[in-house]
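Below, each chain spelled out in residue letters.
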Amino acid sequence: MSLPLQRGRSIITDDPIKVLICRNYKGDVDMSEIDHFFTLLVQQEEEGLLCPVMSHGNVHFLWIKHSNLYLVATTNKNSNASLVYAFLYKLVEVFTEYFKELEEESIQDNFVVVYELLDELMDFGFPQTTDSKILQEYITQQGNKLEVAKTKVPTTVTNAVSWRSEGIRYKKNEVFIDVIESINVLVNANGSVMSSDIVGSIKLKTMLSGMPELRLGLNDRMLFALTGRDKGKAVTMEDVKFHQCVRLSRFESDRTISFIPPDGESELMSYRINTHVKPLIWIESVIEKFSHSRVEIMVKAKGQFKKQSVANNVEIRVPVPSDADSPKFKTSTGHAKYVPEKNLVVWSIKSFPGGKEFLMRAHFGLPSVENHEMEGRPPITVKFEIPYFTVSGIQVRYMKIIEKSGYQALPWVRYITQSGGERRFA
């Protein structure tokens, strides 16, 4: 599948004075144009107005930063920016799969492999093979002795199912399904929810022999509407995005998610549910300053989810004044620590049962110099993970596994809810 993505070239840099590696795909953008990107970048950083797209004359620079590297795409056409950025992030994903960490050293140590990958990922400005599992079949980091009889392109590159190799065999056939939902909630100082939504994904770990076809059924409201079933426990999914293995025409006609899965781990789909969500861990805080010599912070946390569920690895991050010192803490559970480089108190609770309420008190000294009371106060943020629980109520109704040999396979389903961005302004 080719995308109408036209590119001048892809460049990887680590600072404004050195280009690490460059690939000019079409030859329609001069190699020296990257110098103008560096100038524009420094200028915008000084002004505090960094823009994801910069232009010099008729040349446009689309860039992202990863670790200590800048990945830059140049074009002199009116290209589709979203596709350019999708490709840049795919570059990061592929390089990370190969080198574990994408940074200056990993590029310098693997110049040959990087050039081979750049040639396979894109051809004359059009993305080609971008699946790292397939690329690893014929672009390796090991030296190989050339044997003429073995110099052939893997069938995964040329067949209709490019994401899965033929001849896969397992002694025990299983597929593991993870339904993971992140909730994003913003609460103002009065306790009112200002915005909330749920972002979900369904991830697979497939250990199946042969070329099986899988059919996944969810409690999708539109499916229930088509079949005339009860809609009581149905959910409405928006912004649904599928892995390329899913047959979109089948989904659009009868909402059946039918696919031949990639081997190993993959993300089958992602979705968003735009609904009112209450914070699963409710936070109340009181901050008192005494004669500008000390400050006391009281934080109360209450689990607003089912009593039979437990939130694991809870972290409540409370901002404190930048000039605070001499911290003292008292907690009803867990432990609190001061992180001065981030001006935070981190209250960690390993296990937080639903319906329970816990308290943390912090005492800090302040210098005698008076601070400005009007300085902005960052929100309190909450991180957690609740297994065997979803806020939206989404359910895997069935998973059918069909393979011509007729073997029996076991599907396993796990539900996880985690914090995406629970924030409470004090």
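Located above this text is the structure these notes cover.
All values derive from a computational prediction rather than experimental measurement.

**Topic: the pattern of salt bridges**
Piece 1. A full pass over the atoms with the stated rule returns 14 salt bridges.
Piece 2. Here R414 ties to D178 by a salt bridge, and the two come within 2.7 Å at their closest N and O atoms. Note that R414 is positioned in strand β23 (residues 410-424) and D178 in strand β8 (residues 174-187), a separation of 236 residues in sequence.
Piece 3. Classification of D178 by relative accessible area gives buried; the value is 17%.
Piece 4. A cluster of three or more residues bridged by salt bridges with shared partners is formed by E213, R215 and R247.

**Observations concerning the sheet that holds strand β17 (residues 325-331)**
Piece 1. Ordered by their spatial adjacency, four strands build an open sheet running β14-β15-β20-β17, and the pairing between neighbours is antiparallel. Each of the sheet's edge strands pairs with one partner strand only, and the pair in question is β14 (281-290) and β17. Going from strand to strand, the sheet's axes swing by 15 degrees on average, the running direction of each strand aside.
Piece 2. Both β14 and strand β15 (residues 294-303) contribute to a ladder of 10 bridges, which runs antiparallel. Directly across from E284, in β15, lies its bridge partner K300.

**Description of helix α1 (residues 34-47)**
Piece 1. Helix length check: α1 (14 residues) gives 20 Å between terminal C-alpha atoms against 20 Å at 1.5 Å per residue, within 8%.
Piece 2. All of the buried residues in α1 are I34, F37, F38, L40, L41 and Q44. Taken down its axis, α1 places every buried residue within 170 degrees of arc, on the same side. Among the exposed residues of α1, those pointing more than 90 degrees away from its buried face are T39 and E46.
Piece 3. Note on α1: the residue one or two positions beyond its end, G48, has a positive phi of about 70 degrees.

**What to know about the nonpolar core**
Across soluble globular proteins, nonpolar side chains show a tendency to be buried alongside one another.
Piece 1. Formed by 67 residues in total, the largest nonpolar core has its most connected members in I257, F259, I281 and I316.
Piece 2. In terms of residues, this core owes the most to one element, β8, which gives six residues.
Piece 3. Apart from residues lying up to four places away in sequence, F259 is in contact with L204, P212, E213, L214, L216, C245, V246, R247, L268 and M399.
Piece 4. Of all hydrophobic cores here, the second largest spans 28 residues; its members include Y25, Y85, L91 and L135.

**Regarding the sheet that holds strand β22 (residues 396-402)**
Piece 1. If you trace the three strands from one edge of the open sheet to the other, you get β12-β10-β22, paired in antiparallel fashion. Strand pairing shows two members of the sheet lacking a second neighbour, β12 (257-259) and β22, which therefore form its edges. For this sheet, the mean angle separating the axes of adjacent strands, direction not counted, is 15 degrees.
Piece 2. In terms of strand pairing, strand β10 (residues 213-218) meets β22 through six bridges, oriented antiparallel. The residue bridging L214 from the neighbouring strand is I401, located in β22.

**Regarding helix α4 (residues 111-121)**
Piece 1. Along α4, the residues that are buried comprise V113, V114, L117, L118 and L121. Here the buried residues of α4 occupy an arc of 135 degrees about the axis, which is enough to place them on one side.
Piece 2. Structurally, α4 contributes buried residues whose contacts are with β2 (18-24), α2 (81-99), α3 (104-109), β6 (122-123), β7 (126-127) and α5 (132-138).

**A look at a nonpolar patch on the surface**
Piece 1. Together, F176, L410 and W412 give the surface a local cluster of nonpolar side chains, amounting to about 280 Å² of exposed area.
Piece 2. Counting through the fold element by element, F176 comes out in strand β8.

**Notes on unusual backbone geometry**
Piece 1. For S67, which is not glycine, the phi torsion reads 55 degrees and is therefore positive.
Piece 2. Mapping S67 onto the fold places it in the loop between β4 (59-66) and β5 (69-75).
Piece 3. Backbone geometry places F124, a non-glycine residue, at a positive phi of 50 degrees.
Piece 4. For F124, the position within the fold is in the loop between β6 and β7.
Piece 5. Assessed through its relative accessible area of 48%, F124 is described here as partly exposed.

Thresholds, definitions, all that
Residues numbered from 1 in each chain as written. Predicted model: local features only at pLDDT ≥ 70, side-chain atom pairs only at ≥ 80, totals over all residues. Heavy atoms only, no water. Salt bridge = Lys/Arg side-chain N within 4 Å of Asp/Glu carboxyl O. Helix = DSSP H or I, 4+ residues; strand = E, 2+ residues; numbered from the N terminus. Buried < 20%, exposed > 50% of the residue type's maximum accessible area, 1.4 Å probe, protein only. Pairing = 2+ DSSP bridges. Axes fitted to C-alpha atoms, helices over the stretch in contact; angles between N-to-C directions. Expected span 1.5 Å × (residues − 1). Arc of directions from axis to C-beta. Core = buried A, V, L, I, M, F, W, Y, C linked by side-chain atoms within 4.5 Å. Contact = heavy atoms within 4.5 Å. Patch = residues over 30% accessible without salt bridge, like charges linked within 9 Å, V, L, I, M, F, W, Y side chains within 5 Å. Areas by Shrake-Rupley, 256 points an atom, 1.4 Å probe, with all protein chains shown as cover.

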